[in-house]
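Read off the chains here:
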Amino acid sequence: MNKNRIEKNARKVWLLISRENKQWEFAELQQATGLSARDLHLAIGWLAHENKIQFGHRMSGSVDVEYYGLDINPYIG
């Protein structure tokens, strides 16, 4: 894995989130992007470092689910 690939995957995730502005669960992001869990975690970490992604929690029945959403800064790279 190299920085260019991580950044490319982060851009893929960010574009998806920005195109469909909703709260995404990890499994939904993984399915929609086709990234492995490892690659998606790295991409989310990149976006978090760049302050491009929001983290939150919501209840799904009795389960607390983490979700990801778009931060207010629409620029990456």
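Structure shown above.
About the thresholds
- Residue numbering note: each chain is counted from 1, following its sequence as written.
- With the structure being a predicted model, the display of local features is reserved for residues of pLDDT at least 70 and the display and counting of side-chain atom pairs for 80 or more, all residues being used for whole-chain, interface and lining totals.
- Just so you know, side-chain values use all the structure's heavy atoms and leave hydrogens and water out.
- Take the buried Ala, Val, Leu, Ile, Met, Phe, Trp, Tyr and Cys residues and link them wherever side-chain atoms come within 4.5 Å; each set so joined is a nonpolar core.
- Any residue under 20% of the maximum accessible area for its type is buried, any over 50% is exposed, and the rest in between are partly exposed; the area is computed with a 1.4 Å probe on protein chains only.
- A run of DSSP states H or I qualifies as a helix once it reaches four residues; a run of E qualifies as a strand once it reaches two. Both are numbered from the N-terminal end.
- Throughout, a contact is declared for two residues whenever any of their heavy atoms are within 4.5 Å.
- Given a helix with a known number of residues, its expected span is that number minus one, times 1.5 Å.
- To be clear, the arc concerns the directions from the helix axis to the C-beta atoms.
- As used in this structure description, the phrase polar contact means that two N or O atoms lie within 3.5 Å; if the pair is within protein, one of them must be able to donate a hydrogen and the other to accept it, and residues adjacent in sequence are counted only when both atoms belong to side chains.
- Structural elements are reduced to axes, namely lines fitted to C-alpha atoms, with helices fitted over the stretch in contact, and the angle between N-to-C directions of any two is expressed from 0 to 180 degrees.
- Under this scheme an angle from 65 to 115 degrees is roughly perpendicular, one under 35 degrees roughly parallel, and one over 145 degrees roughly antiparallel; angles in between are oblique.
- Nonpolar residues are Ala, Val, Leu, Ile, Met, Phe, Trp, Tyr, Cys and Pro. Charged residues are Asp, Glu, Lys and Arg, and all others, Gly as well, are polar.

With respect to the nonpolar core
Here is step 1: If you look at the biggest cluster of nonpolar residues, it comprises 16 residues, and the most contacted ones within it are Val-13, Ile-17, Leu-29, Leu-40, Ile-44 and Leu-47.
Here is step 2: Where this core is concerned, the elements lending two or more residues are helix H1 (3–19), helix H2 (26–33) and helix H3 (37–49).
Here is step 3: Examining the composition of this core, we find that 6 residues originate from one element, H1, more than from any other.
Here is step 4: Once residues lying within four places of it in the same chain are set aside, the contact partners of Leu-40 are Val-13, Phe-26, Leu-29, Gln-30 and Leu-35.

Some thoughts on H1
Here is step 1: Here H1 contains 17 residues, and its C-alpha end-to-end distance of 24 Å stays within 8% of the 24 Å for a straight helix at 1.5 Å per residue.
Here is step 2: For H1, the complete set of buried residues consists of Ile-6, Asn-9, Ala-10, Val-13, Trp-14, Leu-16 and Ile-17. Taken end-on, H1 shows its buried residues confined to a sector of 160°, consistent with a single buried face. Exposed and facing more than 90 degrees away from the buried side of H1 are Asn-4, Lys-8 and Arg-19.
Here is step 3: At the N-terminal boundary of H1, the capping side chain belongs to Asn-2, with an oxygen 3.0 Å from the backbone nitrogen of Asn-4.

With respect to the packing of H1 against H2
In a packed pair of helices, the relevant descriptors are the angle between the two axes and the axis-to-axis distance.
Here is step 1: One way to put it is that H1 packs onto H2 with a least axis distance of 11 Å and a crossing angle of 110°. Between H1 and H2, the crossing angle belongs to the class labelled roughly perpendicular. Every residue of H2 that contacts H1 at Lys-12, Val-13, Leu-16 and Ile-17 is listed here: Leu-29, Ala-32 and Thr-33.
Here is step 2: Of the residues contributing to the contact of H1 with H2, the split by class is 5 nonpolar, 1 polar and 1 charged.

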